[in-house]
Amino acid sequence: MRIDVHAHYWTEEYLDLLVDLGKADAGAARGIGAGGGAELEARLRLMDRAGVQMQVLSACPQSPYGEDGTKATTAATLINDQYAALVERYPDRFRAFAALPMPHPEESIGELRRALDELDMTGVAMNTSVLGRALVEPDFEPVFAELNRRGAVLYLHPAGNSACTPLIGNYHLTWMVGAPVEDTISIMQLITHGIPARYPDIKIINSHLGGALPMLLQRADDQYRWEAPDTPEPPSVAARRMWYDTVGHGHVPALRCAIDSFGADRLLLGTDFPYENGDTFVRAVDYINDPQIDPGAARAILDQNASALLGIGQERTLP
């Protein structure tokens, strides 16, 4: 089954709550194709055109994060309820990753339990950092412990904060460069803090082919012993405990590098809708079938890996 694991969806009502939370860029997410009504119908037509049978929706990077725990929880509850209603309306087209009201661990665990137990959501989505804080900070350990206890899927997406550096943010590089840098930093933080080894039952999906990580794995293996000596295993081993979506803007050499670095079995179809829309959306799917990509690898990435990892649509592949 062809499942797109990197697709965004927000409503006006939800974005209003994010504005109230103080999220400065929430307004920019309006009217770009990720909403309901006519935008939803256009999305479904585009999915059909590209041969995408299902999308797993996520709120990232417009996550319900804020210092006010009550407001953050209200926003998370709203978007998760909206996702559940949309999935009920289109059970053959959509699933969703739950949003959590970070940086509030107790409230986040409560919403995680509600989303997975009551709303039957596919997993949890988080930004690669929480209001400028790394996911590996000790305050967030209870969230990882609960995800691990449940064997849950955790999808990670850049926050769009320019990796907290003005060298990116002040030079118009937030998404061109900053987003994959955020991916790279987050994954390496997970690795050096031993998250994949300590919480082996969490199924972690990283965005954008892992950022720059495919090109850095050997460098990390060569240098971690002196720079991050508490890292429990070689970075290349830890990296292959996780999964990565294929959002690479149609750049076949980047996809080839990720396949060579992680293995085709660790890659999942992603489109980054609505940021990749129209012909670009179709390209996000079609480039995986480029002649430079082994046909067996392409088939696994497009139609097998996500279905197996998420437990969706497998019954359709039975003889």
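This section reports on the structure supplied with the text. (Residues numbered from 1 in each chain as written. Predicted model: local features only at pLDDT ≥ 70, side-chain atom pairs only at ≥ 80, totals over all residues. Heavy atoms only, no water.)

What follows deals with unusual backbone geometry. Here the residue pair Cys60 and Pro61 is connected by a cis peptide bond, since its omega of 0° sits within 30 degrees of zero. Along the polypeptide, Pro61 turns up in the loop between β2 (54-58) and α3 (69-89). Its identity as a non-glycine residue notwithstanding, Ser162 has a phi of 60°, on the positive side. Mapped onto the fold, Ser162 is located in the loop between β7 (153-157) and α6 (166-169). Of note in this structure, His249 is not a glycine but carries a positive phi near 55°. Positionally, His249 belongs in the loop between β9 (243-245) and α11 (252-262). His249 gets classed as partly exposed once you look at its relative accessible area, which sits at 46%. (Helix = DSSP H or I, 4+ residues; strand = E, 2+ residues; numbered from the N terminus. Buried < 20%, exposed > 50% of the residue type's maximum accessible area, 1.4 Å probe, protein only.)

With 84 residues, the main nonpolar core has Tyr14, Phe94 and Met126 as its most contacted residues. No other element matches α3, which puts 7 residues into this core. Not counting the four nearest positions on each side in its chain, Tyr14 is found in contact with Ala59, Gln62, Ser63, Pro64, Ala75, Leu78, Ile79 and Gln82. Grouped together as the second largest cluster of nonpolar side chains are 17 residues, Met1, Phe97, Ala125 and Trp243 included. (Core = buried A, V, L, I, M, F, W, Y, C linked by side-chain atoms within 4.5 Å. Contact = heavy atoms within 4.5 Å.)

The tally for this structure, following the rule as stated, stands at 7 aromatic pairs. Ring centres of Tyr90 and Phe94 lie 5.9 Å apart, and the angle between their planes is 90°; this geometry places the pair in the edge-to-face category. Residue Phe94 is classed as buried on the basis of its relative accessible area of 0%. Plain terms: the ring middles of Phe97 and Tyr155 are 5.4 Å apart, the flat faces sit at 15° to each other, and that makes the pair stacked. Taken together, the residues Phe97 in strand β3 (residues 94-99) and Tyr155 in strand β7 connect sequence positions 58 residues apart. For the pair Phe97 and Tyr155, one class covers both residues: buried. Here Arg266 stacks its cationic end above the ring of Trp243, 4.1 Å away from the centre of that ring. (Phe/Tyr/Trp six-rings, centres within 6.5 Å; stacked < 30°, edge-to-face > 60°. Lys NZ or Arg CZ within 6 Å of the ring centre and 35° of its normal.)

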